[in-house]
Amino acid sequence: MSEAPLPAIRSLPSWLLGRAAARGRTLVAEALAEEDMRMWHHVVLSAVRDLGPVAQADLGRGIGLDPKDLVGILDDLQSADLVLREPDPRDRRKNAVSLTPRGARLLGRCEKAARAANDELLAPLSAAEREQFTDMLRRISGTAG
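Residues numbered from 1 in each chain as written. Predicted model: local features only at pLDDT ≥ 70, side-chain atom pairs only at ≥ 80, totals over all residues. Heavy atoms only, no water.

Enquirer: Before we move on, can you summarise the overall build of the protein with the specific residues and values?
Expert: Across its full length, the protein carries seven helices and three strands. When the helices and strands of the protein are placed in sequence order, the string is α-α-α-β-α-α-β-β-α-α. Taken against the 2.2 N^0.38 rule, which gives 15 Å for 145 residues, the C-alpha radius of gyration of the protein at 19 Å runs more than 25% over that of a compact globule. Across its three principal directions, the C-alpha atoms of the protein cover 65 × 30 × 25 Å. Put simply, 49% of the contacts in the protein that link residues at least 6 apart link residues at least 24 apart. Per element, the accessible surface of the protein, about 9700 Å² overall, is 55% carbon and sulfur. Counting 21 positive and 21 negative side-chain charges, the protein places the centres of these two groups 2 Å from one another. (Helix = DSSP H or I, 4+ residues; strand = E, 2+ residues; numbered from the N terminus. Rg over C-alpha atoms; globule rule 2.2 N^0.38 Å. Contact = heavy atoms within 4.5 Å. Areas by Shrake-Rupley, 256 points an atom, 1.4 Å probe, with all protein chains shown as cover. Lys, Arg positive; Asp, Glu negative; His and termini not counted. Charge placed at Lys NZ, Arg CZ, Asp CG, Glu CD.)

Given below as structure tokens:
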């Protein structure tokens, strides 16, 4: 049999996107692991930088993470001195999360590593193709605009 199994499935754009996404996640996860960081920890650090100081509940909603999972990640990040949780000055019943200087430095290294991993993923494409491909992904993912 010269043909790969499941040719009808393997030719679907959704299957191909899933394979590309899995490869991309693997490359980024490996790059982040070099900084002793996991994917969701990186997402949370990045969101805290962009939104912070941010109420813990707003942070969870902003990134679509279950509050219980967020607490565990924030515990990890705080114990590593990457984020700080303090009472929110606008509402003392809530915690506000902010990035520490150490967290900002690590985030910079993680962003560089993630960009390099994405460059590796898209290496077969020219610069123009990368831009076009990214634009198409935004449109079909519903995140354009």
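Additional details are given in the paragraphs that follow.
Enquirer: Residue-level account of the sheet that holds strand E1 (residues 54-55), with values.
Expert: Here three strands make up an open sheet; going across it, the order is E1-E3-E2 and the pairing antiparallel. The sheet is open, and its two borders are formed by E1 and strand E2 (83-88), each paired with just one other strand. In terms of strand pairing, E1 meets strand E3 (residues 91-99) through two bridges, oriented antiparallel. Residue pairing for E3: Val 54 is matched across the bridge by Val 97. (Pairing = 2+ DSSP bridges.)

Enquirer: Now, about the nonpolar core: what can you tell me, with residues and values included?
Expert: One finds Met 37, Val 44, Leu 45, Leu 59, Leu 74, Leu 77 and Val 97 to be the most contacted residues of the largest nonpolar core, which totals 26 residues. When residues of this core are traced back to their parent elements, those giving at least two are helix H2 (13-33), helix H3 (39-51), helix H4 (56-63), helix H5 (67-79) and helix H6 (101-121). Excluding its chain neighbours within four sequence positions, the residues that come into contact with Leu 77 are His 41, Val 44, Leu 45, Leu 82 and Val 83. (Core = buried A, V, L, I, M, F, W, Y, C linked by side-chain atoms within 4.5 Å. Buried < 20%, exposed > 50% of the residue type's maximum accessible area, 1.4 Å probe, protein only.)

Enquirer: Can you break down unusual backbone geometry residue by residue, with the values?
Expert: Residues Gly 52 and Pro 53 are joined by a peptide bond in cis, for which omega reads -10°. By the element assignment, Pro 53 lies in the loop between H3 and E1. For Asp 36, which is not a glycine, the phi torsion comes out positive at approximately 60°. Although it is not a glycine, Asp 81 sits at a positive phi angle of roughly 60°.

Enquirer: Which residues make up the pairing of E3, and what are the values?
Expert: For E2 and E3, the ladder comprises six bridges, and the chain directions are antiparallel. Bridge pairing in E3 links Arg 85 to Val 97. Following E2, the chain reverses through two residues before pairing antiparallel with E3.

Enquirer: Talk me through the side chain of Glu 111; I want residue IDs and the actual numbers.
Expert: Inspection of the secondary structure puts Glu 111 in helix H6. At 2.8 Å, the side chain of Glu 111 forms a polar contact with the side chain of Arg 49. Beyond its immediate chain neighbours, meaning those up to four positions away, Glu 111 contacts His 42, Ser 46 and Arg 49. (Polar contact = N/O pair within 3.5 Å; in protein donor to acceptor, adjacent residues only side chain to side chain.)

Enquirer: Give a description of the pattern of salt bridges that names residues and reports values.
Expert: In this structure the tally under the stated criterion is nine salt bridges. Between Glu 35 and Arg 109 there is a salt bridge, and its shortest N-O distance comes to 2.9 Å. Here Glu 35, found in the loop between H2 and H3, pairs with Arg 109, found in helix H6; they are 74 residues apart in sequence, far enough to count as distant. Taking relative accessible area as the criterion, Glu 35 reaches 26% and is therefore assigned partly exposed. The partner of Glu 111 in a salt bridge is Arg 49, with the nearest N and O atoms 2.8 Å apart. Of this pair, Glu 111 sits in helix H6 while Arg 49 sits in helix H3, and the two are 62 residues apart along the sequence. (Salt bridge = Lys/Arg side-chain N within 4 Å of Asp/Glu carboxyl O.)

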